[in-house]
Amino acid sequence: MFSPRRPQHLKKLADAAKASYKQLEPFRQKRLDALRQFVGHHYGNSPAEEKVPLNFLGQAVRTYVRKLVGRRPRVRASTRFRELEPFAGELKDAINETIEEIKLVSTLEEIVTNALFGVGIAKIGITSTADNVEGVLHDTGEVFVDSIDLSDWVHDMNAVRQEAWQFCGNRYKLPRETIMANPYYDASAKNLVHSTGMSKQLGMDGARRHDAHDIEQGRSQVGDDNDLHDMVELWDYWLPQDGLVLTCTEDSPDTPLFIADWGDGPEEGMYRWLTFQKVPNCIMPLPPVLDWLDLHDLINALARKAGRQAERQKTVLAVAPSAEEDAKRIKNAGDGDIITTQDPTLIKELRFGGADQGTVALMEQLRQHANIQAGNIDSIGGSGPQTSTVGQDKLLHDSASELLTDMQEKAELFMQQVCRDIGYYLFSDPTGVKQIQPVVEGLDVRLEPKYWGPDHRLGKYYQYNIDIIPYSPRPQSPEQKLMALNGLLAGFGPYLPIMMAQGYGFDFARLISLTSTLADMPELAQVLIPVDPEVAAQVGGGEQGPKMPRSTTREYVRRNVGGQNSSPMAQLPQPPASQAGGES
């Protein structure tokens, strides 16, 4: 059993982490090479060495990220038990409020992009340090969801699946003064804390660190330290089989700053993985980008070659020595001018070089193969028809949709796990009180806010049997929302007496305000004014006016109407029979 108080156990963890970090180096390097192709030749200080005129990789990644990440992720909460429905509604509203507060959609875009290039990793928890030291969206006591870069990640490489790994963890930076002021950190370990300096350029194994930041900044000198604050690199480790969480410094991994029991936290820990293709008996996945990279490289190599050939292409005018004067006249003539020549056969236009048609044809053929291998990117992205018939286009789109659906299902499952973990941390906060504001789905109508505190959260989170279902509502224009509102009102209209009998009714003041806003007609709120109900009853006749009988009798009369007299004049009222044929 691992004991965090025994130095030999901590040293063994540090050695195992260094070995696994070193084994991950090829994956980090391949990812960095692919990212350079993705950003092309003109980005940052360390981009792709050669030009990337046909960036198929960029097109594919942008298309899939757009399709896999919803524009505005939200969740629904469902339960089989009627008595839990109010709590499920409150939990749903609390999760949705948190999703908006932490701008989860931006984090998901980064995670999905990382999954296309390698593995997408999310870290979920509650911020325990001072406000904003890890970013403006990290507030003390609030839930956070961070994307972890592969260069800042390590896991047990001896395991063949996630459920079997003995440790995993990530690296991050905090200001030194924040660490020294944290009362939860061990005092003796604080004395060993040093600023980052050279270590921020080195990996855990002491080798040069390779991460995506190199592409942007082009770090060439190890040890550059341009941070505004005195920063320290920390590692968080999760040991699932021992139920422990450790925080150590990069320089002193055998002296933890913080040790905690995982307790009743999520079984999968504080990290979530998003992958799209598993490799048998291997823990690291096969990222989609590596499947596309070879064709991307070959297409651009041919494109560069065809471009060089096109640049060398030239057109010249060859003349015989005896026709030199004719050549001068041709050179000085403008377009459409008439000139004289002694002998036109002594003058000839010659063309040299130009893009080889076989090279261009092969490049186009490879581009089509890459499009198919990536799941018909042109069809998924809506770039245009792929075949000459609508039926064939539909077959291609349906086939592409099947490939996309598989990736969407994995992304949705990942999103469900993340949102369920957000719900766990919100529920398990013993003191947190959150203001939630229910929203009418489909209309973005917000109801009166209310507070959700510890007295609303009893028992254990996973005992509630509530399913968290993520979804992405389609964006709607105000006109579409107004049409949806009118449709809902028309649907509820026949049931209004039943609703009123059960104590429900419409807030017409709110309805008028909402209608005027969606219709962009503020005059409506000025025309319709509140009236005292007693005055309205008197104007309308009150109880003296006629009433509809409680029971009515209807008589249906069937008449034959001639089909020939269907002109608009036939629809006008006819004079009484007694006046037929009378004087006008």
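Just so you know, these numbers come straight off a predicted model, no measurement behind them. (Residues numbered from 1 in each chain as written. Predicted model: local features only at pLDDT ≥ 70, side-chain atom pairs only at ≥ 80, totals over all residues. Heavy atoms only, no water.)

### Brief notes about the overall build of the chain
Here's step 1: In terms of regular secondary structure, the chain is built from 18 helices and 16 strands.
Here's step 2: Counting only residues that meet the buried cut, the chain has 37% of its 584 residues in that class.
Here's step 3: Of the contacts formed within the chain by residues at least 6 apart in sequence, a portion of 70% connects residues at least 24 apart.
Here's step 4: With an accessible surface of roughly 35600 Å², the chain has 52% of that area assigned to carbon and sulfur atoms. (Helix = DSSP H or I, 4+ residues; strand = E, 2+ residues; numbered from the N terminus. Buried < 20%, exposed > 50% of the residue type's maximum accessible area, 1.4 Å probe, protein only. Contact = heavy atoms within 4.5 Å. Areas by Shrake-Rupley, 256 points an atom, 1.4 Å probe, with all protein chains shown as cover.)

### Thoughts on the packing of aromatic side chains
Here's step 1: For the coordinates displayed, the defined rule picks out 16 aromatic pairs.
Here's step 2: Judged by centre distance (5.7 Å) and plane angle (20°), the ring pair of Tyr64 and Trp292 falls under stacked. In this pair, Tyr64 sits in helix 3 (residues 56-68) while Trp292 sits in helix 9 (residues 288-312), placing the two residues 228 residues apart along the sequence. Residue Tyr64 shares its accessibility class with Trp292, and that shared class is buried.
Here's step 3: The rings of Phe87, Tyr424, Tyr425, Phe427, Trp452, Tyr461 and Tyr464 are connected pair by pair, giving a single aromatic cluster. (Phe/Tyr/Trp six-rings, centres within 6.5 Å; stacked < 30°, edge-to-face > 60°.)

### Examining the sheet that holds strand 3 (residues 143-148)
Here's step 1: One open sheet accounts for three strands, arranged 3-2-9; its pairing is antiparallel. Looking at which strands have only one partner, the edges of the open sheet turn out to be strand 3 and strand 9 (271-274). Put simply, the sheet's adjacent strands are angled 25° from each other on average, direction ignored.
Here's step 2: Here four bridges tie strand 2 (residues 120-126) to strand 9, and the two strands are oriented antiparallel to one another. Considered in strand 9, the bridge of Ile121 is made with Trp273. (Pairing = 2+ DSSP bridges. Axes fitted to C-alpha atoms, helices over the stretch in contact; angles between N-to-C directions.)

### A few points about the sheet that holds strand 6 (residues 231-239)
Strand-to-strand pairing in sheets goes through backbone hydrogen bonds, with the strands running parallel or antiparallel.
Here's step 1: If you walk across this open sheet you meet the five strands as 4-5-6-7-8, and the pairing is antiparallel. With partners counted over all chains shown, the strands left at the sheet margins are strand 4 (153-155) and strand 8 (258-261), one partner each. Direction aside, the axes of adjacent strands within the sheet are offset by 20° on average.
Here's step 2: As paired strands, strand 4 and strand 5 (residues 168-175) are joined by three bridges and run antiparallel to one another. From the neighbouring strand, Trp153 faces strand 5, where its bridge partner is Asn170.
Here's step 3: This element, helix 1 (residues 7-23), spans strand 4, strand 5, strand 6 and strand 7 (244-249) of the sheet and lies at about 110° to strand 4.

### A look at the pairing of strand 5
Here's step 1: With seven of eight residues buried, strand 5 is to be regarded as a mostly interior element.
Here's step 2: When strand 5 meets strand 6, the two strands line up antiparallel, connected through eight bridges. What sits directly across from Tyr172, in strand 6, is Leu234.

### Thoughts on helix 1
Here's step 1: Between its first and last C-alpha atoms helix 1 spans 24 Å; for 17 residues at 1.5 Å apiece the expected length is 24 Å, and the two agree.
Here's step 2: Where helix 1 is buried, its residues touch helix 2 (25-39), strand 4, strand 5, strand 6 and strand 7. (Expected span 1.5 Å × (residues − 1).)

### What about the pattern of salt bridges?
If the charged atoms of two oppositely charged side chains come close together, the side chains can form a pair.
Here's step 1: All chains considered together, the criterion is met by 21 salt bridges.
Here's step 2: A salt bridge links Arg171 to Glu250, with the shortest nitrogen-to-oxygen separation between them at 3.7 Å. Of this pair, Arg171 sits in strand 5 while Glu250 sits in the loop between strand 7 and strand 8, and the two are 79 residues apart along the sequence.
Here's step 3: Using a relative accessible area of 4% as the deciding quantity, one classes Arg171 as buried.
Here's step 4: The class of Glu250 is buried, set by a relative accessible area of 15%.
Here's step 5: One salt bridge in this structure joins Arg272 and Asp421, with 2.8 Å as the shortest N-O distance. On the criterion of sequence distance, the pair formed by Arg272 in strand 9 and Asp421 in helix 13 (residues 390-428) is long-range, its members being 149 residues apart.
Here's step 6: For Asp421, a relative accessible area of 1% corresponds to the buried category.
Here's step 7: Each of Arg72, Arg74 and Glu100 takes part in salt bridges that share partners, so that together they form one network. (Salt bridge = Lys/Arg side-chain N within 4 Å of Asp/Glu carboxyl O.)

### Focus on helix 4 (residues 85-101)
Here's step 1: Helix length check: helix 4 (17 residues) gives 24 Å between terminal C-alpha atoms against 24 Å at 1.5 Å per residue, within 8%.
Here's step 2: In terms of burial, helix 4 is a largely internal element, twelve of the 17 residues being buried.
Here's step 3: The set of residues buried in helix 4 consists of Phe87, Ala88, Glu90, Leu91, Lys92, Asp93, Ala94, Ile95, Asn96, Glu97, Thr98 and Ile99.
Here's step 4: Of the residues one or two after helix 4, Lys103 is the one with positive phi, at around 50°.

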